[in-house]
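Residues per chain are reported as follows:
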4 protein chains.
Amino acid sequence: MSAPANPIPARLAEGYRGFRHTRFRRERDHYARLAESGQQPNTLMIACVDSRVAPEVVFDADPGEMLVVRNVANLVPPYQPDAGYHGTSAAIEFAVRQLLVRHIVVCGHASCGGINAFRQNSLNGVDAAHGDFVARWMDMIAPATRLALTCDGVDPLQDQTAMERAAIRQSLANLRTFPWLAARERGGELSLHGLWFDVADGSLCVLDEATGGFSPLEDPLGDPLTP
Amino acid sequence: MSAPANPIPARLAEGYRGFRHTRFRRERDHYARLAESGQQPNTLMIACVDSRVAPEVVFDADPGEMLVVRNVANLVPPYQPDAGYHGTSAAIEFAVRQLLVRHIVVCGHASCGGINAFRQNSLNGVDAAHGDFVARWMDMIAPATRLALTCDGVDPLQDQTAMERAAIRQSLANLRTFPWLAARERGGELSLHGLWFDVADGSLCVLDEATGGFSPLEDPLGDPLTP
Amino acid sequence: MSAPANPIPARLAEGYRGFRHTRFRRERDHYARLAESGQQPNTLMIACVDSRVAPEVVFDADPGEMLVVRNVANLVPPYQPDAGYHGTSAAIEFAVRQLLVRHIVVCGHASCGGINAFRQNSLNGVDAAHGDFVARWMDMIAPATRLALTCDGVDPLQDQTAMERAAIRQSLANLRTFPWLAARERGGELSLHGLWFDVADGSLCVLDEATGGFSPLEDPLGDPLTP
Amino acid sequence: MSAPANPIPARLAEGYRGFRHTRFRRERDHYARLAESGQQPNTLMIACVDSRVAPEVVFDADPGEMLVVRNVANLVPPYQPDAGYHGTSAAIEFAVRQLLVRHIVVCGHASCGGINAFRQNSLNGVDAAHGDFVARWMDMIAPATRLALTCDGVDPLQDQTAMERAAIRQSLANLRTFPWLAARERGGELSLHGLWFDVADGSLCVLDEATGGFSPLEDPLGDPLTP
């Protein structure tokens, strides 16, 4: 089923030209090498589709450094090798078993629409069959409500941040249901990390899995005053 | 199931600090507004997990401009609203029905590992049950081989670029199997686009759906010579 | 005569750290090579001290590409090899006779404070002895008023842009009073250029020395509309 | 005296287009405000013409933040309000008396060609009349050799870094020969700073005027290891 051709949005064309004349020009040799020798990223980043939280921007990543899977609410489903299409799981398999990444980072963020949708649905009694896909996808984090109650003493259905963080912890737990992933972690070849980024003030918090708590990545400079 | 805490990889910490002191500092007000008023991206970008093809970099996108879903080989599965977890479909639903994006761009690229895996498996008779998820995920594009034969006259199993481009065309067709998406497109509220990015030389080709062919986004400057 | 130590302004420390973690990290090898083999810039840029018109930003220049001299109103004094200290002339000599640049660009701009000061002083009858240095320095462009009248038919003392452009033309003429510079130009080894940048809308105009007029550097894309 | 028109070098045209489509697009409102309300930079930066040490790059400066004068070897001549053209002095007057900057930074660097020329000339007995301007300009730092011997115990004519740093200290001393500048410093409205940037490793050293010594701007992160 075809449709009439549409010109590429002008904003994309402009941004692409800007990229060609600045970053690509500057890094041309690096791109050429990457094309020839293939990618060997060190890290798999699991992030949200949110337009405000692009991993390459927040971490100033260069081409070739990180494999990035992005879905609604940066979730990792539990290991389920059946006949269905499992996009996030396929990305994890590709990263861990083929590219042999050394790190997996689950990067959540503040004001996550998917997490908010889950909370609203739960509070309003809307079930997972609502709509076609989002509610069912977000229902994956129902077990995380119990994780939040345990660690934070906060009812996550009432607290957006607590729910976002509980979901990150659950995603790490779900990563470990992948047997070949857990094996590499036990063997010291793979490390898992949880992060939470606050769009409003640009702060980044790191999960300490021993306690289940998140604390800010220390910036010794604090916020410099304009003299 | 917990694991010992791991410090965030030094490279990520460094990149984040760089971001805080440069881009975030410069765009602080913009981030604050986005946090407060929410995101209103104009475009949904469907791209690959590949570490060399970050949409925000290639299109010099600003925070708030594009929702980005990334999976292996930038695929769109056919509409299948069952009880399973469908991450890409959930992202599409979120973008189209909630955020009301005006454009969806399927952005493929050269040297795609997922596409290459599909071709190798097909040529070597490896079935979709190989491994846990990747082969099954990539099997989604089996119908695309017929699309390629029709349009290009090339056997896509022998030609990486032809297969990448056929998969882009199929993804656009699969987008149109989502009834509420097709309805918005018919109503003139949504446009679909296919792009293919060549990592080696930074060129970008645009799909003309009328012909099924891809042609370079014209750069009137050509490649300037260094005087 | 010493003074108590002052900490480097916080804003500079922050910006430097940002640079270290982003651009310098990315271009480290290039900086190392430049340190070892020395600089071989292709171009000498003569620009204003103005905080809004940094050549490396406006032309997205990389380290090693352009030698940059910046003074009030991007002026070039006439050739005067006496016993005085002549900073701009020394920079020109260094660029042309030692580094053998192929291009010299005089880059003026809109709303230039130095040019405005000259016009105000002329209109108000303030002589060049006013203050210590600025009025005397700007008095260098008095001959340019006649150039403006010839080319534009406008009284430059009434028209900021006309005066800015006349001063650019005069600076090019003054460059040619340097005998070894004029010789290289005649020999085809050196080209001179005049540019005028409008801070307000980011446009760039190029001098056509044959006519004395400035016209916009053509941007075939025009200003893209947001779809 | 005119010359045939020359097209702007392709590399500059490309860089300008890149700037228009990326940074200018992103900061358009800021540039418009700066054009309308004028500049109010906080800092005057005195830097070298060297193509490897652009202050806006090293300090990630935004438009409007710093006035920048650049000459050979980032020198400040002694106060000499005679009838000659004094470009650097005019820039200092403009910055201090008109724009009321709060900070002046003399930013030197490693492998400075001007400093090296001075040392070679001194060692080889070439007098300041050699060439037209550079040798005479650099002769300004002859008194600095005595400063170096006092502070570092090193013969600066034998040591490039010692000479570069001695010249920075002398430039600060020369700044204080400007009476209206010294008055503002005594009144607490102006601070002076000396910096030295090493192109090879990107390090930045800060002058402690109390001791005359330079020490690295502390980076608490050190050099992060790639995991």
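The structure this text deals with has already been given above.
What comes next concerns the included structure. (Residues numbered from 1 in each chain as written. Chains lettered and ligands numbered in written order. Predicted model: local features only at pLDDT ≥ 70, side-chain atom pairs only at ≥ 80, totals over all residues. Heavy atoms only, no water.)

**Observations regarding the overall build of chain A**
Stage number 1. For chain A, the count of helices and strands is 9 helices and 6 strands.
Stage number 2. Dimensions of chain A, computed from C-alpha atoms along their principal axes, come out at roughly 60 × 50 × 45 Å.
Stage number 3. Within the span of chain A, comprising 227 residues, buried residues form 61% of the whole.
Stage number 4. Here the contacts in chain A between residues at least 6 apart in sequence split such that 64% fall between residues at least 24 apart.
Stage number 5. Taken as a whole, chain A presents about 8,200 Å² of accessible surface, with 51% of it coming from carbon and sulfur.
Stage number 6. Counting 20 positive and 27 negative side-chain charges, chain A places the centres of these two groups 6 Å from one another. (Helix = DSSP H or I, 4+ residues; strand = E, 2+ residues; numbered from the N terminus. Buried < 20%, exposed > 50% of the residue type's maximum accessible area, 1.4 Å probe, protein only. Contact = heavy atoms within 4.5 Å. Areas by Shrake-Rupley, 256 points an atom, 1.4 Å probe, with all protein chains shown as cover. Lys, Arg positive; Asp, Glu negative; His and termini not counted. Charge placed at Lys NZ, Arg CZ, Asp CG, Glu CD.)

**Looking at the interface of chain D and chain C**
Stage number 1. Facing 100 residues of chain D, the contacting portion of chain C comprises 99 residues.
Stage number 2. For the pair chain D and chain C, the two sides together bury roughly 8,900 Å², of which 61% comes from carbon and sulfur.
Stage number 3. Here Arg70(C) makes a salt bridge to Glu56(D), at a shortest N to O gap of 2.8 Å.
Stage number 4. Between chain D and chain C we count 35 residue pairs in polar contact (both at pLDDT 80 or more) in total.
Stage number 5. Element by element, the count of residues in the side of chain D that touches chain C is highest for helix 1 (residues 10-37) of chain D, at 16 residues.
Stage number 6. Residues of the side of chain D that touches chain C, tallied by class, amount to 55 nonpolar, 21 polar and 24 charged. (Buried area = accessible area lost by both parts, 1.4 Å probe. Salt bridge = Lys/Arg side-chain N within 4 Å of Asp/Glu carboxyl O. Polar contact = N/O pair within 3.5 Å; in protein donor to acceptor, adjacent residues only side chain to side chain. Nonpolar A, V, L, I, M, F, W, Y, C, P; charged D, E, K, R; others polar.)

**As for unusual backbone geometry**
Peptide bonds are, in most cases, trans, and in most cases residues other than glycine have a negative phi.
Residues and elements named next belong to chain A.
Stage number 1. Of note in this structure, serine 111 is not a glycine but carries a positive phi near 60°.
Stage number 2. Looking at where serine 111 falls in the secondary structure, it is placed in the loop between strand 3 (103-109) and helix 5 (113-124).
Stage number 3. Residue classification places serine 111 among the partly exposed residues on the basis of a relative accessible area of 36%.

**Observations concerning the environment of His103(D)**
All names here are of chain D.
Stage number 1. Here histidine 103 is to be found in strand 3 (residues 103-109).
Stage number 2. Along the backbone, histidine 103 and proline 41 are 62 residues apart, and their C-alpha atoms lie at a distance of 9.6 Å.
Stage number 3. At a separation of 2.9 Å, a polar atom in the side chain of histidine 103 contacts the side chain of histidine 193.

**A closer look at helix 9 (residues 179-186) of chain A**
All names here are of chain A.
Stage number 1. Every buried residue belonging to helix 9 is among Trp180, Leu181, Ala182, Arg184 and Glu185, and all of these are buried.
Stage number 2. Of the surrounding secondary structure, the elements contacted by the buried residues of helix 9 are helix 4 (87-98), strand 3, helix 8 (160-175) and strand 4 (191-197).
Stage number 3. Directly after helix 9, the chain includes glycine 188, whose backbone phi takes a positive value near 80°.

**Here we look at the pairing of strand 4 (residues 191-198) of chain C**
Residues and elements named next belong to chain C.
Stage number 1. The buried fraction of strand 4 amounts to 8 of the 8 residues, a majority that puts the element mostly inside the structure.
Stage number 2. Residues Ser191, His193, Leu195 and Phe197 of strand 4 are buried on one face, and the alternating residues Leu192, Gly194, Trp196 and Asp198, pointing to the opposite face, are buried as well.
Stage number 3. Sheet topology places strand 3 (residues 103-109) next to strand 4; 7 bridges connect them, and they run parallel. Its bridge partner being in strand 4, isoleucine 104 is matched across the sheet by leucine 192.
Stage number 4. Where strand 4 lies against strand 5 (residues 203-208), 4 bridges are found, and the strand directions are antiparallel. Opposite aspartate 198, over in strand 5, you have serine 203 as the bridge partner.
Stage number 5. Once strand 4 ends, the chain turns through 4 residues before running back antiparallel as strand 5, passing glycine 202 with a positive phi of about 70°. (Pairing = 2+ DSSP bridges.)

**Focus: the relation of the copies chain D and chain C**
Stage number 1. Each copy of the sequence occupies a distinct position, and chain D is placed on chain C by a rotation of 180° and an axial shift of 0.0 Å, giving an RMSD of 0.0 Å. The transformation just described matches what one would write down for a two-fold rotation axis. Across chain D, the smallest distance between a C-alpha and the rotation axis is recorded for Arg70(D), namely 2.4 Å.
Stage number 2. The residues that chain D uses at the interface reappear at the interface of chain C in 99% of cases, marking a shared surface. (Least-squares fit on C-alpha atoms with pLDDT ≥ 70 in both.)

**Description of the packing of aromatic side chains**
Stage number 1. Counted under the stated rule, the structure contains 36 aromatic pairs over all chains.
Stage number 2. With a centroid separation of 5.2 Å and 65° between ring planes, the pair formed by Tyr79(C) and Phe178(C) is classed as edge-to-face. On the criterion of sequence distance, the pair formed by Tyr79(C) in the loop between strand 2 (66-71) and helix 3 (87-98) and Phe178(C) in the loop between helix 7 (160-175) and helix 8 (179-186) is long-range, its members being 99 residues apart.
Stage number 3. Taking NZ or CZ as reference, Arg165(B) lies 4.2 Å from the ring centre of Trp196(B), over its face. (Phe/Tyr/Trp six-rings, centres within 6.5 Å; stacked < 30°, edge-to-face > 60°. Lys NZ or Arg CZ within 6 Å of the ring centre and 35° of its normal.)

**A few points about the packing of helix 1 (residues 10-37) of chain B against helix 1 (residues 10-37) of chain C**
Stage number 1. Where helix 1 of chain B contacts helix 1 of chain C, the axes come no closer than 8 Å and their chain directions differ by 125°. On the basis of their axis angle, the class for helix 1 of chain B and helix 1 of chain C is oblique. Our pair here, helix 1 of chain B against helix 1 of chain C, has a crossing hand that is left-handed. Together, Arg11(B), Glu14(B), Arg17(B), Gly18(B), Phe19(B), Arg20(B), His21(B), Thr22(B) and Arg25(B) of helix 1 of chain B and Arg11(C), Glu14(C), Arg17(C), Gly18(C), Phe19(C), Arg20(C), His21(C), Thr22(C) and Arg25(C) of helix 1 of chain C make up the contact between the two elements.
Stage number 2. Along the lines of polarity and charge, the residues of the contact of helix 1 of chain B with helix 1 of chain C split into 2 nonpolar, 6 polar and 10 charged. (Axes fitted to C-alpha atoms, helices over the stretch in contact; angles between N-to-C directions. Parallel < 35°, antiparallel > 145°, perpendicular 65-115°, else oblique. Left-handed = near helix turned anticlockwise from the far one by under 90°.)

**A short note on the packing of helix 4 (residues 113-124) of chain D against helix 7 (residues 160-175) of chain D**
Residue and element names in this part refer to chain D.
Stage number 1. Contact geometry of helix 4 with helix 7 gives a least axis separation of 10 Å together with a crossing angle of 110°. Classed by the angle they form, the pair helix 4 and helix 7 counts as roughly perpendicular. Between helix 4 and helix 7 the crossing geometry is right-handed. Two secondary-structure elements touch here, helix 4 through Ile115, Asn116, Phe118 and Arg119 and helix 7 through Gln160, Met163, Glu164 and Ala167.
Stage number 2. Split into classes, the residues belonging to the contact of helix 4 with helix 7 amount to 4 nonpolar, 2 polar and 2 charged.

**What to know about the pairing of strand 5 (residues 204-208) of chain B**
All names here are of chain B.
Stage number 1. Judged by how many residues are buried, strand 5 sits mostly within the fold: 4 of 5 residues are covered.
Stage number 2. Relative to strand 5, strand 4 (residues 191-197) is paired through 3 bridges, and the arrangement is antiparallel. Bridging from a neighbouring strand, leucine 195 pairs with valine 206 of strand 5.
Stage number 3. Counting the residues between successive antiparallel strands, the hairpin from strand 4 to strand 5 contains 6 residues, one of them, glycine 202, with a positive phi of roughly 70°.
Stage number 4. Examined bridge by bridge, strand 5 and strand 6 (residues 213-216) share 4 bridges and lie antiparallel to one another.

**Comments concerning the pattern of salt bridges**
Stage number 1. Under the defined criterion, the tally for this structure stands at 60 salt bridges over all chains.
Stage number 2. For Asp62(A), the salt bridge identified is with Arg23(A), shortest N-O distance 3.8 Å. Placement of the pair is Asp62(A) in the loop between helix 3 (55-58) and strand 2 (66-71) and Arg23(A) in helix 1 (residues 10-26), with a sequence separation of 39 residues.
Stage number 3. Accessibility expressed as a relative area gives 13% for Asp62(A), which makes it buried.
Stage number 4. The class of Arg23(A) is partly exposed, set by a relative accessible area of 21%.
Stage number 5. Here Asp50(C) makes a salt bridge to Arg52(C), at a shortest N to O gap of 2.8 Å.
Stage number 6. Where salt bridges share partners, they join Arg23(A), Glu27(A), Asp60(A), Asp62(A), Arg25(C) and Arg26(C) into one cluster.

**Comments concerning the side chain of Glu93(B)**
Stage number 1. If you trace the backbone, Glu93(B) turns up in helix 3 (residues 87-98).
Stage number 2. For Glu93(B), a relative accessible area of 7% translates into the label buried.
Stage number 3. The residues contacting Glu93(B), other than those within four sequence positions of it, are Gly131(A), Asp132(A), Phe133(A), Val134(A), Gln98(B) and Trp180(B).

**Here we look at helix 7 of chain D**
Residues and elements named next belong to chain D.
Stage number 1. Between its first and last C-alpha, helix 7 extends 23 Å over 16 residues, near the 22 Å set by a 1.5 Å rise per residue.
Stage number 2. In terms of burial, helix 7 is a largely internal element, 14 of the 16 residues being buried.
Stage number 3. For helix 7, the N-terminal cap is aspartate 159; the gap from its side-chain oxygen to the backbone nitrogen of threonine 161 is 3.1 Å. (Expected span 1.5 Å × (residues − 1).)

**Comments concerning the environment of Pro179(D)**
Stage number 1. Tracing the backbone shows Pro179(D) in helix 8 (residues 179-186).
Stage number 2. Along the sequence, Pro179(D) and Ala73(D) sit 106 residues apart, while their C-alpha atoms lie 24 Å from each other.

**Focus on the state of the cysteines**
Residue and element names in this part refer to chain C.
Stage number 1. Under the criterion given, the structure shown has 0 disulfides over all chains.
Stage number 2. Free of any disulfide, cysteine 48 has its nearest neighbouring cysteine sulfur in cysteine 112, separated by 4.1 Å.
Stage number 3. The exposure class of cysteine 48 is buried, given its relative accessible area of 5%. (Disulfide = S-S within 2.5 Å.)

In short, the description is geometric, and any link to function would need to be established separately.
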